[in-house]
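Chain by chain, the residues:
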Amino acid sequence: MLPAEARAEGILRILLVENDEGDAARAAAALGDAFGTRLALLHAGTLAHAIRLLMEGPVDVVLVELDLPDASGLATLAGIRGAAPSIPIVLYSRALEESVAVRALRVGAQECLQKSATPVEQLPRLLRFAIERQRHLAALDAARMAAAHRATHDPLTGLANRGLFLDHLDRALAFGARYGRKTGLLFVDLDGFKLINDSLGHAVGDRLLVEVAQRLLSTVRRSDAVARLGGDEFVVLLPDVNSRLDVAHVRDMILACLQEPIDLGDDRRERIAASVGGAMSPLDGTTAQELLDAADVAMYRDKYARRRGRMPTPAFGLRVQDETIAHQRELRLRAALDAGELAVHYQPQVDVVSQQIVGLEALLRWHDPDQGMVAPSSFLPLAEDTGLIVPIGDLVLREACAAAVSWRRDHPGSGLRVGVNLSAVQLREKAFEQRVKRILSETGCPADALVLELTESSTLYEGDQALDTLRAVRGLGVQLMVDDFGVGFASLSFLREAPLDGFKIDRRFVARMLTDDRDEAIVSSLVSLARGLGLHVIAEGVETADQSRRLSALQCTEQQGHFFSPAVPLGALAPVFRAHPPAPPSTRRLRALPAR
Ligand code: C2E
Ligand code: CA
Ligand code: CA
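Residues numbered from 1 in each chain as written. Chains lettered and ligands numbered in written order. Predicted model: local features only at pLDDT ≥ 70, side-chain atom pairs only at ≥ 80, totals over all residues. Heavy atoms only, no water.

Asker: Tell me about the coordination of the calcium ion (ligand 2), and please be specific about residues and values.
Answerer: At the metal site, the calcium ion (ligand 2) is ligated by Glu361 (OE), Asn421 (OD1), Glu453 (OE) and Asp483 (OD), and these contacts range over 2.1 to 2.3 Å. Written as a sequence motif, the donor residues of the calcium ion (ligand 2) are E-x59-N-x31-E-x29-D. The distance between the calcium ion (ligand 2) and the calcium ion (ligand 3) is 4.0 Å, with aspartate 483 acting as a donor to both metals. Residue glutamate 361 is found in strand β13 (residues 356-368), and its partner aspartate 483 is found in strand β17 (residues 479-485); the two are separated by 122 residues along the sequence. Given a relative accessible area of 8%, aspartate 483 falls into the buried group. (Donors = N, O, S within 2.8 Å, 3.2 Å for Na, K, Ca; no water. Helix = DSSP H or I, 4+ residues; strand = E, 2+ residues; numbered from the N terminus. Buried < 20%, exposed > 50% of the residue type's maximum accessible area, 1.4 Å probe, protein only.)

Asker: Tell me about the packing of aromatic side chains, and name the residues and values.
Answerer: Throughout the structure, instances matching the rule amount to six aromatic pairs. Relative to tyrosine 179, the ring of phenylalanine 175 has its centre 4.7 Å away and its plane inclined at 55 degrees; by these criteria the two rings are tilted. Here the residue phenylalanine 175 and the residue tyrosine 179 both occupy positions in helix α7 (residues 162-179), the gap between them amounting to four residues, near one helical turn. In textbook terms, an aromatic cluster arises when at least three aromatic residues are bridged by ring pairs, as seen for Tyr346, Trp407 and Phe577. (Phe/Tyr/Trp six-rings, centres within 6.5 Å; stacked < 30°, edge-to-face > 60°.)

Asker: Outline the coordination of the calcium ion (ligand 3), listing residues and values.
Answerer: Taken together, Asp483 (OD), Asp484 (OD), Glu540 (OE) and Glu540 (OE) make up the full set of protein donors to the calcium ion (ligand 3), lying 2.1 to 2.6 Å away. Each donor residue of the calcium ion (ligand 3) belongs to the same chain, and together they define the spacing D-D-x55-E.

Asker: Describe the pattern of salt bridges, and please don't skip the residues or the numbers.
Answerer: Inspection of the entire model under this criterion finds 34 salt bridges. When the shortest N-O distance is used, the salt bridge between aspartate 60 and arginine 13 registers 3.1 Å. Within this pair, whereas aspartate 60 is found in the loop between α3 (47-56) and β3 (61-64), its partner arginine 13 is found in strand β1 (residues 12-17), the two being separated by 47 residues in sequence. For glutamate 540, the salt bridge is made with lysine 504, and the minimal N-O distance between the two is 3.2 Å. With a gap of 36 residues between them, glutamate 540 in the loop between β19 (536-539) and α21 (545-553) and lysine 504 in strand β18 (residues 502-505) connect regions that are remote in the sequence. The pair formed by glutamate 540 and lysine 504 is uniform in burial state, with each residue classed as buried. A cluster of three or more residues bridged by salt bridges with shared partners is formed by Glu18, Asp23, Arg26, Glu65, Arg94 and Lys115. (Salt bridge = Lys/Arg side-chain N within 4 Å of Asp/Glu carboxyl O.)

Asker: Describe the site of ligand 1, with residues and values.
Answerer: Taken together, 20 residues lie around ligand 1, and Arg365, Asp483, Arg507, Glu543 and His562 are the ones closest in. Between glutamine 347 and ligand 1, the recorded distance is 2.9 Å, taken from a side-chain N or O atom to a nitrogen atom. Compared with its free state, where it exposes 790 Å², ligand 1 has 82% of that area covered by protein. Contributing elements (two or more residues each) for the shell around ligand 1: β13, α13 (376-386) and β17. When residues in the shell around ligand 1 are grouped by element, the largest group, four residues, is from β13. (Near = heavy atom within 4 Å. Polar contact = N/O pair within 3.5 Å; in protein donor to acceptor, adjacent residues only side chain to side chain. Areas by Shrake-Rupley, 256 points an atom, 1.4 Å probe, with all protein chains shown as cover.)

Asker: Which residues make up the pairing of strand β12 (residues 342-351), and what values go with them?
Answerer: Most of β12 is tucked away, with nine of its ten residues classed as buried. As defined by bridge partners, β12 adjoins β13 across ten bridges and the pair is classed as antiparallel. Across the sheet, leucine 342 pairs through a bridge with tryptophan 366, a residue of β13. Where β12 folds back onto β13 in an antiparallel hairpin, the turn is made up of four residues, including glutamine 355, whose phi is positive at roughly 60 degrees. Bridging between β12 and strand β21 (residues 568-569) involves two bridges; their strand directions are antiparallel. Following the sheet pairing, histidine 345 is matched in β21 by proline 569. By the bridge criterion, three bridges tie β12 to strand β20 (residues 558-560) in an arrangement that is antiparallel. (Pairing = 2+ DSSP bridges.)

Read these as spatial facts, not as claims about activity.
What follows is the structure in structure tokens.
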């Protein structure tokens, strides 16, 4: 006997969707013979009627002729599926092309039958099969979902397990590396949990863990991931933080939320202490394992400091020896600044229509006597985190302004500009505009010779105060460009509202535009966007003649990249100026930046 019959003493509700009266009568008779009094047969002659019946009450299976007065072919099937997504559907059609049948099965029909090949007497059996198969698939789906959840979650607390957490962490780190954001991690370990578990029993221990999980979840932001690594170890991922202060803040909130006594049943309320250690990428590590290790070590330090009755250390994720190294690196960088090992190189920006240099970007270089040339990406994060970026930024600004003065003196009327990169930390400085003003006046640099480059995130994340600062700087007559435009989060309305003069198209788009149509489309729309908003646009990372030509064809004529020249020291610019002589006053092709 079929399981379908074993299932229900109950009624079998079949919806027959059939316009032809003779066919309908034959099918009804066969079903009546097979199911007798258990059959509740509904009949619709149109799709609209069928949908109405499906909405009105439960149906176990639908038997459908695709060709109806108000719909035909797959549209009929789609209509039925829409009204009854989880009910098995059996097609029983006069004309059923092979290709239609295949697609019907793909979009969810359980069975496709030709009337000519399937006598009505077979229908009862086939309908029961369809119901059974559907039920089986649903059970399988549910089991698969439950298994997926079990494989990625801790059964006791329902939190993510280690595997899923590492996944999240990897993704956050990749995102951070790409957009220059920092990822925070907190390692939470309960103090004395083993004692409670051993003395009061596992049930109480479990209850405690569940409560801790709840508290962690309600303390952190929704975007922060909480996981149980095992035992009494929990971790919290802060996927996007500005600084260690943010990590420390969440750490304090976690300690506070665990301070309330926990109800363990039987009128027993216990206060539980926890040790929490923090770590932050990229300073404490750049891989998931490095960061977990760092937070783990910090957590242990916190625990031992507490045991010895000391106030918890500002527990951060550096191993003692790493901390020494970081400290030494900071000292090295500071010494490098004092010893004049930091230099500014300049990379030209060329207007390819006139082949003239229109500006140069100042790029920082560290000539370490031991390590040779150190790339800015490997010491800027340290400089930002320690605040050293402020004096370093001053140095770059001062040198760049002085350089601009010398270029304008050597090439009168050229209107040459110098681009200087700004870090978000500098924007946070109070009276940053005063600093800029002072440097301009001390170097004798006209404000319109200076272009500050900032990334989308630095303005977006630093909020209103940063915008005020930018407005003040722009009020001096200095121009502002968004760097690496298109890879971050700036919305289009941001471009309109923020005090900006233009943007630089990120070199990743330029690098791929010849091989990937999508990148070319992005570059093309960025150029129209700039044009539409009256903004200035420069393409970065131009490495080949082909890229340069394609960009010009898209009306992006100001370009920068190795194709023209890498960044070179101030004293080595002569050949660059010879190859692309800046405009003398008479032939000046340079468009003034739009006044805004
Ligand atoms: P950025 O502002 O996007 O600078 C452009 C980077 O692209 C520079 O890397 C430049 O050397 C490189 N580049 C130029 N042309 C090409 C090309 O054709 N192909 C390729 N693949 N790369 C090209 P660099 O000098 O290593 O600087 C890296 C980043 O460090 C800069 O990115 C900027 O964000 C930051 N930076 C550099 N100097 C300073 C500074 O003085 N202050 C601050 N706050 N950041 C700086
Ligand atoms: Ca730049
Ligand atoms: Ca850039």
